[in-house]
Every structure is written in C-alpha cells, then in structure tokens.
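Chain residues, written in single-letter form:
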Amino acid sequence: MNRIFLGAAVAAFAIAIAASVRIAHAQARDYVSIVGSSTVYPFTTVVAEQFGKSTRFRTPKIESTGSGGGLKLFCAGVGVNHPDIANSSRRIKQSEVDRCNENGVTDVIEVKVGYDGIVLANSKKTEVMEISRRDLFLALAREVPDPAGGDDLVPNPYQTWKDVNDALPDRGIVVLGPPPTSGTRDAFAELALEGGCKTFDFIEAMKKKDKRAYKAICHSIREDGAYVEAGENDNLIVQKLEADPGAFGVFGFSFLDQNVDKLQGSMVDGVAPEFEAIAAGDYPVSRPLYFYVKKAHVGQIPGIEGYLAEFTSDKAWGDDGYLTDKGLIPMPEEERMQFAADVKNLTPLELATE
Amino acid sequence: MNSANGARRVTSTVADPRFQARLRRRYASERRFQWIGRIALALGGAFLALILGTIVANGYTAWQQTFIALEIHFDPERLDPEGNGSEDALLAGDYGGLVKAALRKAFPEVRKRRERRKLQALVSPGASFYLRDMVLEDPSLVGETRTVWLPADDDVDMLFKGHIDRSAPEGSRRLSDRQLGIVDALAARGAVEKRFNRAFFLAGDSREPEISGIRGALVGSALTLLVTLLLSFPVGVGAALYLEEFAPRNRWTDLIEVNINNLAAVPSIVFGLLGLAVFLNFFGLPRSVPMVGGMVLALMTLPTIIIAGRAALASVPPSIREAALGVGASRMQTVTHHVLPLAMPGILTGTIIGMARALGETAPLLMIGMVAFIVDIPHTPFDPATVLPVQIFLWVDSPERAFVERTSAAIIVLLGFLIAMNGLAVVLRRRFERRW
C-alpha cells in the first residue's frame, strides 16, 4: 500500500513538472481557436469539421461564449493563449476595437458570413398570424403610446392580440423568447420593436433630441408576464410552443427550418420568414453575422488560411453551399466576392467606422 | 390485596376512555407518519422511473443507425487523377463525387439539378469521409466496384425510426414526397437497413448527428479524471494523515478543519473561476485542455477526500496504534504499516464518490473553456478536449432533431459510468471494510 501511495505521489509530481515545462516553452498551438456568438456557432462548427476532416490540419476548436464574451477574449492580446477568430452576431463596437488596440490587437479582418432571420413562430395547431412591426411593438414594449391618444406613454395595457389590433386573434399575448443576455434578443428588439416604435412620429422625433430615452422606449420589453424569458435553449422554446398552441416563440430561423412539421412562422409586415424572402432582404427582422480574424496570428497558427479559404468558398457559403442546409441565409454574390477578396488579401477592418 | 389493587388500577386506567382516546391518537399519528413516508418513497420512485423511462425511451433508438447500400465505383479518375497512388493524393480525392455518381446511377430518372440535390441529401454528408477512410486503409480498392453500406442522412434515419409523420402535408415535413418515394424504392430493393451504430462509440463530435459520437468526450473525461485522481488522491490522503495522526490540536488546526468542511460545500463554479484566474490568467496554461480541467476538479474533490480520509483514519481503534508503538514501531511505521492499510477501504470509497461527482461536473469547466466543439479525439492531457456532461449539454442545444435521441443515449452512458463507480465504492466498502 505504501509503494502504491508513493508511486501515485511521484506520478503526480511528474505531471506537475511536465506542466511547468509546457508553460516554459509557451507551447505552439497547432489548432485554430475560435470563440464567440452562439448564433454563428452552428455554422462555424460545420465549416471547422469539414476543414478538419478534409485536410491534414487539426480541426479548429470552437467555444460558444456569446458575442460579447468572445470579443472580450479575442481582444485580450496576441499570442497562442488568445483565440484567433471571434464570431459575432452583431458588428464589433468601437469600445471593443479600442480595447483590442490597447492590448496590441491592431489588424483585424472583418468577414460577414451571411444573414440570420429572427422569427416569431407558433404551433401549427393554430392559424398563421400576420402582424406588423408596429403591432409587435405595441404588444411587447414595456411602455406604449396612450391608446386614448396624445403623445404620452403609459405602461403596456394590452392583454390580448385583439386589443392591439382588431385584425389579430382574440387570444392572450404570450411570447416566449430569449433572456437579455442573448444576442438574438438584442437583435429582435432593435429590428422588430424599434422598427415598429419608429412609426410613431413623436418617438421618432425623440431620436434626435434624446437618443438614450428613445432607445429605452424602443428596446424595453414588458415584464408583466406577457413576454416569458425561456432561457437560451431554443429547443426548449420549440417544445413549449407545441404544448401551448396559443403561445408564440422568438428564435433564429434555423430552428424554424428544422421544425417545419411542428411550427409556422408569423408573417411580419406581410412577408413570411422564408429562405428566399430573408435572402432578398424583404423579411424585415434579419441581421448580418460576422467573424473577426486576428491578422497577427495568420501564418503563426497552422490552418487559419485553410479554414478561411474553406469558409469563403462557394461550396460553403454559396447559394447552394452546405451552410444553407444548416439555415444560413447567404449574401448576394458581389458581397461574397468582396469579403472573399478581403480575406485573401488580409485587408484589415477600417477601425474608425462610425 | 396489594396486587389485586394494582391490577384494578391498571384495568381502570386502560378502561379509561380518555386514555383510550390518547392511545388511538398516538397510534394514528404513527400510522400517519408511516404513510407519509411511504407516499414520499412512492413519489420519489415514480419520478425516478419517469426520468429513467423517458431517457431510455428517447435514447435506446440511438444504438442503431439507418444505413443505405450503394454500388460505389472507386473511380481512379476522381480519387487519384495523377495516378501516383500517394497518400496525399488519396487524401484529397473527390469522395463526395463517388457518392453522387453512385446515386445518379441508381436513380437515372432523377435529372433536374434541384431534384438531384434532394437525392444526394438522402445520404449523410459524412459518407465521403467514410469512403476515404476505407481507401486509405486499403489503397487497392481504387478502380474496384463494391457495395458499401453508407450512413443515411439524419432525416432518413428519423423517418425509419418513426419520428417523421408521412401523412403530414409535404410542406411540413423535412423530406419531400419525391424523397420519400426514393427512400421507399431503396427499402424495397433491400438497400436500407438499421445496423448497430458503431460511430456513436468510435467517433468524435460532429454537426451531422448520423456520424457524431461520444468517443472524444469519453477520452476527455478519462484524461481529466486521471489528472484529478493523480493530483487529489496523494495530496488528499497526505493531508488527512497529517491532520488526523500528527498535527497538534490547537486553534489553527481547528480553523483549518472548519475551512475544509466549508470548502466541500462551495458551489463548483467558484472553483472554475479560481481555475480561470490562477491557472489560465496567472500561469498561462492553455484553454480547453484536460490538464487544467483535471486541476480544477482536483481542487473541488480535495475536501471530499480529506474529510472521508479523516473519518476513515479516526475509525481505526487506538488499540492498533498502541500495540504497534508498544512493539517498538516508530510513529511513521505505525501509520504506514497499520493505520493506513486499515483505513484504505474507507478512503477509497470517499475518493470514488468524489471522482463520480467530478465526472458529472460541467459548471467549472465552462470557465476554463472546455465547453467547446471538438472533433479530434484527444491523446494527451494537453490536447483540447471536452467531457461527457458537456457533450450532453452541447447536443441538447443543437437544432437537428436526431440529436434528441443521441443526447439521451449519451446520458445513458454517463449514468452507466456513475452507477459503475458508485457500485465499486459499495463493493469496496462491503468487501474490505473492517468493523471494530
């Protein structure tokens, strides 16, 4: 027993030494490290797998950390301990660019991946709803213009869809959606709610005077139980919608695409959330997806160029590429050509974009 | 006289209706308590049966996978256009083209581009890797024609497992009428078969459910637990020995004891934060590797091992120590020759239970980047890896419906390991523990 004990202790010690030797050598990483948005994750993983299996390079490692968390890690510095690529479901912010610069991450290549539609869907057991963004705003915002008229805001009084607009069904408003930490929620607020919010002239006028108050009105979602935060797990929302045919859910197009037998997307401003409509830009609630590449790592970490070439190839992000099977909405061809050229020439992002 | 008096008094008390009422109340309350206990047990059992039943019912179908037989011609034009037979050339061959050609030959009536795409969608996109591995293993296949069973696409798999409703209108299913017709034609030719799902146990993670497996996660879990065991067992046993056998009893050791007991109750994510701050940010160890995961889990397991170890050491009766010291053994000899061997079964039981807890842990690993999509199977503790519970977490979040059954199957595997580990702890305790 004594010997075993000593043996284990020696083995543990050997491991500890091996560990410190590895640190001392600042070991070269031989795989690409990718972090970032959970919305871009399903697409990135497919490309990474394809790249890893069809070349001699190792398969890139992908962590789903959310857009903000990913860019934070990405901008923490240059070197093998920092990721090479950050996925993002929104454009990089000036503050993040500044942080990058502070930490020596100066040349960053921006690549737009394609588009993702955000859908409002319900169970097939009930009828398809046709709704405008203005009605969506009225149904879901925390404060809405007084229904009695005038330019005052009142806490959202609407209980049923019919209260909002007579053309809508006479059912209670129940919408299951992602929590505030989610990029999908941000995009939904920005594209759907703000889009409806702007249609009120007095709120639109506020945009110029007091941008913060404008945003607070347009982006705040009601908290009285009509909007249910259902967590980040979109599969769970799908299951709940099946169980409760009166409820609606908010999630990415790829989940609707995978569940066409159970769910139907509502028409927003008269456009159904279908592949062609989102690709053509007709469906109003869609957003671009991005990833950012650290130029300093290209040539240092093996496989980055190959991975980028795979991602920007037509068989991946093209009109008939395998990413479209996973629900990505491709960009128009000129845009694809331009980003592919940027990637090839490693053209860095013009940092002072706004 | 006296005894008769006494007897009368007893009978009179027993006959007293107030006494009888009190007695009835006492019996009733005992019966009530017993019934509450039984109901609680029955409820607990029912929930357990429900959970296990759902998991098994969802998951058992994942042991099988639908395969489609295709006549594959290993065309040298596509695989090795230069004709040099080198491994690099074979690696870069157009294996997807072989599948397309075979499908085209099997269904010459499908001509339109859109329809052909739908036809190709019936076979897994992973089929080309499958063929490539076949050729790399046996390069003499080039130029031959063989019937090969290739994994079907996850939608076809779901159809044959009864998860797709054929009677639904065409727009609301994942497979079109045309695709159903083709699949039925294949089935009629005997070219569709459900076979044992080897990929589930032999492959790493994948975004295609039909070729995804848990081997990467299993190896990752094994490497992580190995590091955890090698670090926490010697340190934990040493700490328990010193504290129990050698350390003086004073305020300091009391303080340490209280702290160890508290550490055992600290939520695991806190250890993850500690690992992020110390191992990654301070020591600069790489993200997502089992080495760091094992170190974090070792921190979490240490208090459990120390507490179990101390309890086991304390249960060895002092007479053993006194006898050893009496025949002239040193204190170190007493401990290593007599006390530790007798306490070992108890220490091992505690260690195994600590390890079982570490096996099921996800939260601390989230902090150090082990919640990641990793396809390659790790070989050393410094390769990026993930662990079983994380694999389950990642699959639950995937949109493809075929991942539902795979998630449940992975849960069954994880539960199997946990039950085996806890079973081992029970056996050790039964077999070797000495009662005094």
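Residues numbered from 1 in each chain as written. Chains lettered and ligands numbered in written order. Predicted model: local features only at pLDDT ≥ 70, side-chain atom pairs only at ≥ 80, totals over all residues. Heavy atoms only, no water.

1. Remarks on the overall build of chain A
Inference 1: Of regular secondary structure, chain A possesses 16 helices and 13 strands.
Inference 2: Burial status across chain A gives 52% buried among its 354 residues.
Inference 3: Considering only intrachain contacts with a sequence separation of at least 6, the fraction spanning at least 24 residues in chain A is 71%.
Inference 4: Total accessible area on chain A stands at roughly 15100 Å², and carbon and sulfur atoms take up 52% of it.
Inference 5: With 38 positive and 51 negative side-chain charges, chain A shows a spacing of 7 Å between the two charge centroids. (Helix = DSSP H or I, 4+ residues; strand = E, 2+ residues; numbered from the N terminus. Buried < 20%, exposed > 50% of the residue type's maximum accessible area, 1.4 Å probe, protein only. Contact = heavy atoms within 4.5 Å. Areas by Shrake-Rupley, 256 points an atom, 1.4 Å probe, with all protein chains shown as cover. Lys, Arg positive; Asp, Glu negative; His and termini not counted. Charge placed at Lys NZ, Arg CZ, Asp CG, Glu CD.)

2. Describing the state of the cysteines
All names here are of chain A.
Inference 1: With the rule as written, the count across this model stands at 2 disulfides over all chains.
Inference 2: With its sulfur 2.0 Å from that of its partner, C75 forms a disulfide with C100. On the sign convention where negative is left-handed, the bridge of C75 and C100, at about -70° about the S-S bond, is left-handed. With C75 in the loop between helix 3 (67-74) and strand 3 (85-88) and C100 in helix 4 (residues 94-102), this pair connects stretches of sequence that are 25 residues apart. For the residue pair C75 and C100, the accessibility class agrees, reading buried in each case.
Inference 3: Here the disulfide map of chain A reads 1-2, 3-4, the bonded cysteines being numbered as they appear in the sequence. (Disulfide = S-S within 2.5 Å.)

3. Considering the confidence of the model for chain A
Inference 1: Looking at chain A as a whole, the pLDDT averages 85, with 91% of positions reaching at least 70.
Inference 2: Model confidence for chain A, summarised as mean pLDDT per element, is weakest for helix 1 (residues 2-24) of chain A at 56 and strongest for strand 3 of chain A at 94. (pLDDT = per-residue confidence, 0-100.)

4. Describing the pairing of strand 1 (residues 33-36) of chain A
Residues and elements named next belong to chain A.
Inference 1: The two faces of strand 1 match: S33 and V35 on one face and I34 and G36 on the other face are all buried.
Inference 2: Where strand 1 and strand 2 (residues 61-63) come together, 2 bridges link them in parallel fashion. Across the sheet, the residue bridging to S33 is K61, located in strand 2.
Inference 3: Once the chain exits strand 1 it traverses helix 2 (residues 41-54) before rejoining the sheet at strand 2, and the crossover so formed is right-handed.
Inference 4: Relative to strand 3, strand 1 is paired through 3 bridges, and the arrangement is parallel. When the bridges of strand 3 are listed, I34 appears paired with I85. (Pairing = 2+ DSSP bridges. Right-handed = clockwise from strand over helix to strand, strands pointing away.)

5. What about the environment of A:I131?
Residue and element names in this part refer to chain A.
Inference 1: With respect to the helices, strands and loops of the structure, I131 is situated in strand 5 (residues 130-131).
Inference 2: As for I131 and V268, which are separated by 137 residues in sequence, their C-alpha atoms are 5.2 Å apart.
Inference 3: Sequence-distant contacts of I131, that is, excluding residues within four places in its chain, are made with L120, L136, W161, L168, M267, V268, D269 and G270.

6. What to know about the interface of chain A and chain B
Inference 1: Between chain A and chain B, the residue contacts involve 48 residues of the former and 46 residues of the latter.
Inference 2: Taking both sides of the interface into account, the surface hidden between chain A and chain B amounts to around 4500 Å²; carbon and sulfur atoms contribute 54%.
Inference 3: Our count for the chain A to chain B interface comes out at 6 salt bridges.
Inference 4: When the shortest N-O distance is used, the salt bridge between B:E208 and A:K326 registers 3.8 Å.
Inference 5: Applying the counting criterion to the chain A and chain B interface returns 16 residue pairs in polar contact (both at pLDDT 80 or more).
Inference 6: Secondary structure elements with two or more residues in the side of chain A that touches chain B: helix 1, helix 2, strand 2, helix 10 (234-243), helix 11 (253-258) and helix 15 (322-325) of chain A.
Inference 7: It is helix 1 of chain A that provides the largest number of residues to the side of chain A that touches chain B, a total of 10 residues.
Inference 8: Direction of pairing for strand 2 of chain A relative to strand 4 (residues 372-373) of chain B: antiparallel, over a ladder of 2 bridges. Each bridged residue has a counterpart across the sheet, and for A:E63 the counterpart in strand 4 of chain B is B:A372. (Buried area = accessible area lost by both parts, 1.4 Å probe. Salt bridge = Lys/Arg side-chain N within 4 Å of Asp/Glu carboxyl O. Polar contact = N/O pair within 3.5 Å; in protein donor to acceptor, adjacent residues only side chain to side chain.)

7. Some remarks on the nonpolar core
Inference 1: Counting residues in hydrophobic clusters, the biggest one holds 132 residues, and the most contacted among them are A:F251 and A:L323.
Inference 2: Looking at which element gives the most residues to this core, the answer is helix 19 (residues 402-432) of chain B, with 9 residues.
Inference 3: Discounting chain neighbours no more than four positions away, the residues touching A:F251 are A:G117, A:I118, A:V119, A:A121, A:D234, A:I237, A:V238, A:L241, A:L256 and A:L263. (Core = buried A, V, L, I, M, F, W, Y, C linked by side-chain atoms within 4.5 Å.)

8. So, a nonpolar patch on the surface
Inference 1: A contiguous nonpolar patch, built from B:W35, B:I39, B:L43, B:F47 and B:L50 and spanning about 560 Å² of accessible area, is present on the exposed surface.
Inference 2: With respect to the element layout, B:L50 can be found in helix 2 (residues 17-59). (Patch = residues over 30% accessible without salt bridge, like charges linked within 9 Å, V, L, I, M, F, W, Y side chains within 5 Å.)

9. Concerning the side chain of B:R207
Inference 1: Tracing the sequence through the fold places B:R207 in the loop between helix 10 (198-202) and helix 11 (215-246).
Inference 2: One polar contact links B:R207 to A:T45, side chain to side chain, over a distance of 2.9 Å.
Inference 3: With near-sequence residues (within four places) excluded, B:R207 lies in contact with A:Y41, A:P42, A:F43, A:T45, A:V46, A:E49, A:K326, B:F373, B:P399, B:E400 and B:F403.

10. Some thoughts on the pattern of salt bridges
If the charged atoms of two oppositely charged side chains come close together, the side chains can form a pair.
Inference 1: Under the defined criterion, the tally for this structure stands at 39 salt bridges over all chains.
Inference 2: Residue A:E63 pairs with B:R287 through a salt bridge whose shortest N-O separation is 2.7 Å. Of this pair, A:E63 sits in strand 2 while B:R287 sits in the loop between helix 13 (268-282) and helix 14 (290-314), on two different chains. Of the two residues, A:E63 and B:R287, neither departs from the other in class, the shared state being buried.
Inference 3: Ionic pairing is found between A:D261 and B:R401, a salt bridge with its closest N-O pair at 2.7 Å. Residue A:D261 is found in the loop between helix 11 and strand 11 (263-265), and its partner B:R401 is found in the loop between helix 18 (388-396) and helix 19; the two belong to separate chains.
Inference 4: It is possible to trace a salt-bridge network through shared partners that takes in A:D30, A:R58, B:D376 and B:D383.

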